[in-house]
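# Structural overview
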Amino acid sequence: MALASGVTVTLALGFGVVANAGENALAAFHTQELQWQQCEEPQPLPPSEQPDRGVIVDPWKGQYKHMECATVLVPLNYEEPDEGRLHIEISRIKAKDRTQRQGVLLLNPGGPGAGGLTMPLQTRETELADSFDQIGFDPRGTGRSTALLCERVEDVRPRTTRPDDEQFAAYTSYARAKEDACERGGGGIRPYINTANTARDMDVIRAALGEPKINYVGYSYGTYLGAVYGSLFPERLNRSVLDSSIHPDWMWREQALQQSVGVRFNVEQWAAWVGDRDDTYHLGASQEEVLATTEALAAELAEKSVELERPEDDWYLPWPDEFDRDRLDWLLALATQQRPMWDVTAEVIAEVRDAAEQDTTLSRDTTAAVSRVLADDGIPKVDPGVYHTVTCEADWPSELATYYDDMRRYRERYPYRDGNGSGVIGAAPTNCTFRSFTPPEPLVTLERDGYPTGVVIQGDGDPATQYAGGPAMADTLNHQLISVRDSGAHGHFGINACVTEQVNDYLLHGVLPPSRSECAADPRPDVPADDAPAAARDSGEQDLPGKDARVRDVLENRSIWQPPARS
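The structure reproduced in this document is the subject of the present report.

Taken together, the side chains of Glu-79, Glu-80, Asp-82 and Glu-83 present a region of like negative charge at the surface. Relative to the assigned elements, Glu-83 resides in the loop between β4 (68-75) and β5 (85-93).

In structure tokens, the structure reads:
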């Protein structure tokens with residue numbers, strides 16, 4: 001039954017679904033027989049959906065053959081299971097050692113709106129691969145599952161990181177148009193695309209796999225999804241790991257606002273580090289002075305941008321046309337997250353300042369480093385609607401004055417845009433401000449009553465899920481908390497060796513870390529402070545690779561969402 005463009009729901013005819021909701025009504029879903037086959041490589045997008053700029057990169061291309069895939073049927077509406085069905089695509093890599101098998105490990109990368117079909121590829125060469133069937137899935141509305149697509153609308157929001165009051169209306173216009181486009185594109189299915197129903201889908205997956213319980217690892221939004229699953233199905237959850245947790249009390253407006261707080265934290269930490277090394281970078285002798293330098297540079301770049309030296313024709317990354325105030329804010333947001341890159345960030349800012357003062361062009365090396373930090377994949381000409389639906393499961397303010405007041409504050413205090421929701425855009429109206437549907441149920445009350453103690457992991461400089469979310473989630477569920485100190489990373493298990501060792505011990509052997517423990521992140525650059533002993537300053541003098549080479553080294557293998565390097 002086609003409910004709207006881009007959305008198809010299969011009627012439950014012949015599936016034996018009982019009309020009344022409850023366990024009996026779900027029995028046919030729980031006992032369905034899965035047909036496994038080798039996962040197919042994704043097909044390229046048709047020309048009409050290719051991005052206007054950039055390219056679509058699939059980091060897992062060529063590796064789908066290592067997984068099996070199957071389709072699970074789930075109810076569209078769990079209150080009325082015979083109303084229609086959705087397809088949920090799942091993937092599997094079986095445990096290598098069947099004698100050590102400990103069940104299934106369900107994996108979710110976050111979002112909301114991210115597909116998780118390829119997650120087993122990330123874990124297939126880890127210690128977990130011997131003992132668990134690793135299960136990935138595309139949540140309802142995403143990827144190869146029944147898709148929720150919004151019609152595309154022109155993004156009329158100003159590109160500037162610091163819009164003036166007259167430009168605020170463009171954000172509102174876009175938000176209204178986005179909600180209208182999502183209503184047209186998927187209105188019939190949207191009320192049922194929410195966290196609670198995705199958790200219920202997970203339980204259907206569990207049952208269809210023939211498993212009494214699941215083990216679970218969720219990142220980012222996947223932490224909230226895992227907490228909701230445990231609250232709804234406590235008797236069916238065994239060990240659980242929640243990495244880079246959403247705050248349980250910030251659904252969803254406050255979560256959007258807090259991303260900018262996390263981003264500014266990293267900028268301030270970087271500025272303090274640079275201030276201790278004024279003899280090296282000459283950007284100021286304190287955090288306050290360094291921030292004043294970057295703001296003065298922002299004002300100068302708002303009047304006149306700096307030119308960039310163009311690369312060779314075979315350079316594959318999108319190349320900025322110029323370095324202006326917006327790119328300065330963007331660079332500071334992104335380049336201060338990874339601590340090992342702080343020296344390059346300071347060197348780039350110093351060169352940009354000199355170029356602005358002397359009306360010169362940035363060097364090719366600096367331009368390449370900037371381009372690598374600011375590079376983003378192409379955006380296809382289809383518009384997934386899951387994020388713009390799940391985030392509407394909670395109420396948002398309806399008064400535009402509330403948003404505009406926050407936008408004025410954010411353009412002064414939090415202008416740093418990372419492309420993931422920070423900056424003024426995080427304070428602006430969203431499509432949920434004009435929500436066109438009524439959520440069918442309230443948010444699930446989170447609790448842990450009947451399943452084992454789990455582990456929460458949180459970085460103190462996480463730019464997407466602010467640090468406070470980790471302790472709050474650990475307190476709500478009475479879980480153990482691993483804090484990753486001096487970290488601007490989002491996602492730690494599988495990347496940070498200290499975290500990975502403790503989590504593996506928990507998942508494989510049931511050994512919990514202490515109730516509150518800490519791990520160190522990657523170290524800051526080995527650049528002596530101004531007050532360091534002379535011997536330390538002398539030893540700190542060394543020939544370093546170029547800026548771009550150092551950026552490339554830092555960015556490689558720093559994300560759970562990319563394949564691990566293989567020799």
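Counting residues in each nonpolar core, the largest one holds 68 residues, and the members touching the most others are Ile-90 and Trp-252. Apart from the residues lying within four places of it in its own chain, the contact partners of Trp-252 are Pro-112, Tyr-221, Tyr-224, Ile-246, Val-390, Thr-391, Glu-393, Ala-394 and Trp-396. The next biggest cluster of nonpolar side chains, apart from the first, holds 42 residues, and it includes Val-290, Ala-356, Leu-362 and Val-527.

Turning our attention to the environment of Tyr-414. For Tyr-414, the position within the fold is in the loop between α13 (400-413) and β12 (455-459). Taking relative accessible area as the criterion, Tyr-414 reaches 12% and is therefore assigned buried. Here the alpha-carbon distance between Tyr-414 and Ser-260, two residues 154 residues apart in the chain, equals 6.0 Å. Filtering out sequence-adjacent residues up to four positions away, Tyr-414 remains in contact with Ser-260, Val-261, Arg-264, Arg-409, Gly-423 and Val-424.

Moving on, we get to the packing of aromatic side chains. Evaluation of the coordinates by the stated rule reveals 8 aromatic pairs. Here Phe-168 and Tyr-404 contribute two aromatic rings whose centre-to-centre distance is 5.4 Å and whose plane-to-plane angle is 40 degrees, an arrangement assigned as tilted. Taken as a pair, Phe-168 in helix α3 (residues 168-186) and Tyr-404 in helix α13 lie far apart in primary sequence, 236 residues in all. Like Tyr-404, Phe-168 is buried. Judged by centre distance (5.2 Å) and plane angle (40 degrees), the ring pair of Tyr-229 and Phe-233 falls under tilted. Taking relative accessible area as the criterion, Tyr-229 reaches 1% and is therefore assigned buried. On the basis of relative accessible area, Phe-233 is assigned to the buried category, the value being 13%. In textbook terms, an aromatic cluster arises when at least three aromatic residues are bridged by ring pairs, as seen for Tyr-221, Tyr-224 and Trp-252. Over the aromatic face of Trp-36 sits the side chain of Arg-92, whose NZ or CZ is 3.9 Å from the ring centroid. One Lys or Arg, Arg-417, reaches over the ring of Trp-330 and ends 4.8 Å from the middle of that ring.

What counts, and at which threshold
Numbers given for residues are sequential positions, taken from 1 along each chain in its written order. pLDDT decides what is reported in this predicted model: residues at 70 or higher carry local features, side-chain atom pairs at 80 or more are listed and counted, and totals for whole chains, interfaces and linings draw on all residues regardless. Only hydrogens and water are set aside; all other atoms, that is, all heavy atoms of the structure, feed into the side-chain values. Patches draw on residues past 30% relative accessible area with no salt bridge. Two like charges within 9 Å are joined, as are two nonpolar side chains (Val, Leu, Ile, Met, Phe, Trp, Tyr) within 5 Å. Note that accessible areas follow from Shrake-Rupley with a 1.4 Å probe, and for residues the cover is restricted to the protein chains shown. Within this document, salt bridges are pairs made up of a side-chain nitrogen of Lys or Arg and a carboxyl oxygen of Asp or Glu, the two lying within 4 Å of each other. Lys and Arg are tallied as positive, Asp and Glu as negative. Neither His nor the chain termini are counted. A charge is said to be at NZ when it belongs to Lys, at CZ for Arg, at CG for Asp and at CD for Glu. Only DSSP runs of H or I reaching four residues or more are called helices, and only runs of E reaching two or more are called strands; each is numbered from the N terminus. Among buried residues, those of type Ala, Val, Leu, Ile, Met, Phe, Trp, Tyr and Cys that are joined through side-chain atoms within 4.5 Å constitute a nonpolar core. Think of it in three bands: residues with accessible area under 20% of the maximum for their type are buried, residues over 50% are exposed, and the middle band is partly exposed, with areas taken using a 1.4 Å probe on protein chains only. Two residues form a contact once any of their heavy atoms are found within 4.5 Å. Ring geometry is summarised as follows: Phe, Tyr and Trp rings, the Trp one being its six-membered ring, pair when their centres sit within 6.5 Å, and such pairs are stacked at plane angles under 30 degrees, edge-to-face over 60 and tilted between the two. Criterion for a charge above a ring: Lys NZ or Arg CZ within 6 Å of the ring centre, and within 35 degrees of the ring normal.

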